Amino acid sequence: MYSITANFFPDHKEEMIGYIEAVTGVGLGLGPLLGSALYAAGEYTIVGGYTFIFYSFGSFLIVCSFFVKSFFPTSIENF
Amino acid sequence: MSTGETQNVPRVGVFELLKHPKFVFAGLSGTLGYFLAAFLEPVLAIRAGEFGLTQVQVGLFFMINPLIYIPTSILVQLVPSGIEKRAIIIFACFLSFFTNLFVGPSEIFSFPNTLTFAIIGQVMKGFVEPFILIPCLPEMIESVISEYPEECEN
């Protein structure tokens, strides 16, 4: 991702990498919050706990992989 | 591009690139940046528990760093282009030393063992990390681009 960005925006490398890092930061922020909230909810409801997080987020990643297959180009020339 | 054309494109190997000190410096800075971002996380979760935080509050505690990281990542591009990227990375690494003193908090420097100091450290960490991580790749590319003009064109 970083190398493709640097390749496509040679004059704006820092700007674009900054945007990628910012979006990464959104995930880094939401991950612990959602994870710990769901883990704590496991004490009171069935929607929560370690096993629930493990399987739900794991399944979510599998769904994401199909989106990646659909939306991402197979080579840089097709971008 | 056909396979035949791809084979004719001059390539630069990794070991060739590693001969350039500036390239190695930028690469190691990236490694150090991610190391700084991650090395305290497992310990901090336990420390946050020691401060009496609940599970959700621990999640919120870990959210402080990205909350600062997001705007700072966008603001890094505003650093004047006249300032060398290496200088930015070195200065950010210097600042990260103080950041870790706060996150601890440091007993050697007699910082009080309070959650406030750990939060200040998390804020500082979120501010410093992008200044190490973002200039790394551009610095790696720019440090060797003049050496391999033909390869870079392709």
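Quick caveat, the model's predicted, so the values are computed rather than measured.

Asker: Hey, could you run me through the interface of chain A and chain B in this one?
Answerer: A common way to state how big an interface is: give the accessible area lost once the parts meet. Across the contact, 21 residues belong to chain A and 23 residues belong to chain B. A total of 19 residues in the side of chain A that touches chain B trace back to one element, the largest contributor, which is helix 2 (residues 13–41) of chain A. Grouping the constituent residues of the side of chain A that touches chain B by class yields 12 nonpolar, five polar and four charged.

Asker: What is the right way to read unusual backbone geometry from this model?
Answerer: If a residue is not glycine, its phi is most likely negative; likewise, a peptide bond is most likely trans. Residues and elements named next belong to chain B. Omega for the peptide link from Gly104 to Pro105 comes to -15°, which places this bond in the cis form. In this structure, Pro105 sits in the loop between helix 6 (85–103) and helix 7 (115–133). The backbone of Ser110 shows a phi angle near 60°, a positive value even though the residue is not glycine. Its place among the elements puts Ser110 in the loop between helix 6 and helix 7. C-beta crowding within 10 Å serves as the criterion here: with 7 such atoms nearby, Ser110 is assigned to the exposed category.

Asker: Can you walk me through the packing of helix 6 of chain B against helix 7 of chain B in this structure?
Answerer: The description of two helices packed together rests on the angle between their axes and the distance between the axes. Residues and elements named next belong to chain B. Remark: helix 6 packs on helix 7, axes separated minimally by 8 Å, with the N-to-C direction vectors making an angle of 165°. Accordingly, the angle class assigned to the pair helix 6 and helix 7 is roughly antiparallel. By crossing handedness, the relation of helix 6 to helix 7 is classed as left-handed. Contacts between helix 6 and helix 7 involve Ile88, Ile89, Ala92, Cys93, Leu95, Ser96, Thr99, Phe102 and Val103 from the former and Phe117, Ala118, Ile120, Gly121, Gln122, Met124, Lys125, Val128, Phe131 and Ile132 from the latter.

Conventions we followed
Residues numbered from 1 in each chain as written. Chains lettered and ligands numbered in written order. Predicted model: local features only at pLDDT ≥ 70, side-chain atom pairs only at ≥ 80, totals over all residues. Contact = placed C-beta atoms within 7 Å. Helix = DSSP H or I, 4+ residues; strand = E, 2+ residues; numbered from the N terminus. Nonpolar A, V, L, I, M, F, W, Y, C, P; charged D, E, K, R; others polar. Buried ≥ 20, exposed ≤ 12 C-beta atoms within 10 Å, placed from the backbone. Axes fitted to C-alpha atoms, helices over the stretch in contact; angles between N-to-C directions. Parallel < 35°, antiparallel > 145°, perpendicular 65-115°, else oblique. Left-handed = near helix turned anticlockwise from the far one by under 90°.

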